[in-house]
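Secondary and tertiary structure notes
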Amino acid sequence: MSRLSSLLGTGLVITDGAWGTEFQKLGLALGQPSDLWNLTRPEAVLAVARSYVEAGSRVILTNTFRSNPVALAGHGEVEKAFELNRRGAELSRRAAGGDACVFASLGPTGKVLAAGEIDVQTVTDAFRIQAEALAAAGADALLFETFSDVEEARLAVRAARPAGLPIIVSFAFDSGKNKDRTMMGVNPETAARAMVEEGVDAVGANCGAGPGLFPSICRRLKEASGLPVWIKPNAGMPTIEAGQAVYTIKPDAFASHLPALVEAGASFVGGCCGTSPAFVRALVRAARSCASS
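In every chain, residue numbers begin from 1 and rise along the written sequence. Under the rules for a predicted model, residues below a pLDDT of 70 receive no local features and side-chain atom pairs below 80 are neither given nor counted, while totals for whole chains, interfaces and linings still include all residues. For side-chain calculations, the full set of non-hydrogen atoms in the structure is used, while hydrogens and water are omitted.

1. Section: the environment of Gly185
In plain terms, the rule: Strands here are runs of E lasting at least two residues and helices are runs of H or I lasting at least four, both read from the DSSP assignment and numbered beginning at the N terminus. A 1.4 Å probe rolled over the protein chains alone gives each residue an accessible area, and that area as a share of the maximum for its type sets the label: buried under 20%, exposed over 50%, partly exposed in between.
Residue position: Gly185 is located in the loop between strand 5 (167–171) and helix 9 (188–197). Judged by its relative accessible area of 45%, Gly185 falls in the partly exposed class. Put simply, Gly185 and Phe173 are twelve residues apart on the chain and 8.9 Å apart in space, counted from C-alpha to C-alpha.

Given below as structure tokens:
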């Protein structure tokens, strides 16, 4: 049995919060990839990972969201792809110890297949390299997150399958009149059914909006797929102040949405941009309250 299956057998799983905004507090410039810190500032990466474990996260991610060769090419760091992923997984594994699982974070390439900005083979090779490195370094599962293009997600899943780990795919629904479409116009039902066809282990939604919009998205993903659902909203939408992203939703207000997410079918709940260990602690308290009521 995989650690994913074992986790799901214990009820609701509280995951971690944001990493990028935590790194910005430690000096990362807005717009710069935090992934390079796996090699240049590993102590900072380890500290952020440990802060989530100490807050009560039962799943933590890896600092590898932009560590595929295509995304790294924009920063002239393609040759570091394998090492960045390996080191990112090792750091999270060390922080997790026996207290949390490590789900490796893989983001989209940032290129649009339909526009001819990238070809199928390049996408496939990029995700294969990343998945192999993360699996070799001890990740418990692979999380493709913040995707907007179903076809890119399909390629990612197929490329990662040989690594032999459970796979979760999470989409960013941040467009359309009701904020229930991805940037590519994909709705939750289309995303969920496509991922069922690819045989993934869970589907989800992250980023793009605050927690109030997520119960509806969660319910639609659950009904269309029948799979466990991964949910990580933002702490609202940010404003930029003095070069930093500032989010207005506070931890307890964020966690107040947990009962609605559980009722909608969420199996995993955490936070995306703007959340912190304080948000995880609030979610843990809310989860205990739900369990005792």
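There is more to say after this.
2. Quick notes on the state of the cysteines
The condition is simple: Cysteine sulfur atoms are paired as a disulfide whenever they fall within 2.5 Å.
Taken as a whole, this structure holds zero disulfides when the rule is applied. Counting only cysteine sulfurs, Cys207 is the nearest neighbor of Cys272, a cysteine outside any disulfide, at a range of 4.1 Å. Take Cys272: its relative accessible area is 11%, and that puts it in the buried class. You can see Cys273 has no disulfide; the closest cysteine sulfur is in Cys207, sitting 3.7 Å from it.

3. With respect to helix 7 (residues 120–136)
Along an α-helix, a turn takes 3.6 residues, which lines up residues three or four apart on a common side. In plain terms, the rule: Under the convention used throughout, the expected extent of a helix is 1.5 Å for every residue step, that is, one less than its residue count. Contacts are assigned to residue pairs that have any heavy atoms within 4.5 Å of one another. A 3.5 Å cut-off defines polar contacts: any pair of N or O atoms within that distance qualifies, except that in protein one atom must be a possible hydrogen donor and the other a possible acceptor, and neighbouring residues in sequence count only when both atoms are side-chain atoms.
With 17 residues, helix 7 extends 24 Å between its outermost C-alpha atoms, agreeing within 8% with the 24 Å of an ideal straight helix rising 1.5 Å per residue. On its buried face, helix 7 is in contact with helix 5 (69–73), helix 6 (81–96), strand 3 (101–106), strand 4 (141–147) and helix 8 (150–160). Put simply, Asp119 is the residue that caps the front of helix 7, since its side-chain oxygen is 3.1 Å from the backbone nitrogen of Gln121. Immediately beyond the C-terminal end of helix 7, within one or two residues, lies Gly138, with a positive phi of roughly 100 degrees.

4. Observations concerning the side chain of Glu22
The residue Glu22 is located in helix 2 (residues 20–25) in this model. With relative accessibility at 11%, the residue Glu22 sits in the buried group. A polar contact of 2.7 Å, which involves the side chain of Glu22, links it to the side chain of Lys25. Ignoring anything within four residues of it in the chain, the contact list for Glu22 reads Val48, Tyr52, Thr275, Ser276 and Pro277.

5. Notes on the pairing of strand 7 (residues 229–232)
For the record, the criterion: By the convention used here, strands pair only if DSSP detects at least 2 bridges between them. Orient the strands so they point away from the viewer; a crossover is then right-handed if the path from the first strand over the helix to the second runs clockwise.
Neither face of strand 7 is exposed, since Val229 and Ile231 on one face and Trp230 and Lys232 on the opposite face are all buried. Where strand 6 (residues 202–206) lies against strand 7, four bridges are found, and the strand directions are parallel. Residue pairing for strand 7: Val203 is matched across the bridge by Val229. This β-α-β element, strand 6 to helix 10 (residues 214–225) to strand 7, shows right-handed connectivity. Sheet topology note: the strand 7/strand 10 (residues 266–269) ladder contains three bridges and is parallel.

6. Quick look at the pattern of salt bridges
This is how the line gets drawn: Criterion for a salt bridge: a side-chain nitrogen of Lys or Arg within 4 Å of a carboxyl oxygen of Asp or Glu.
This structure, assessed with the given rule, holds 19 salt bridges. Its salt-bridge partner being Glu90, residue Arg87 comes within 3.5 Å of it at the nearest N-O pair. Of the two residues, Arg87 and Glu90 are both situated in helix 6; the distance of three residues between them amounts to about one turn of the helix. Measuring nitrogen to oxygen at the nearest pair gives 2.8 Å for the salt bridge that ties Arg220 to Glu189. Here Arg220, found in helix 10, pairs with Glu189, found in helix 9; they are 31 residues apart in sequence, far enough to count as distant. The burial state of Arg220 is the same as that of Glu189; both residues are buried. Several salt bridges converge on common partners, so that one network encompasses Glu151, Arg154, Arg158, Glu197 and Glu198.

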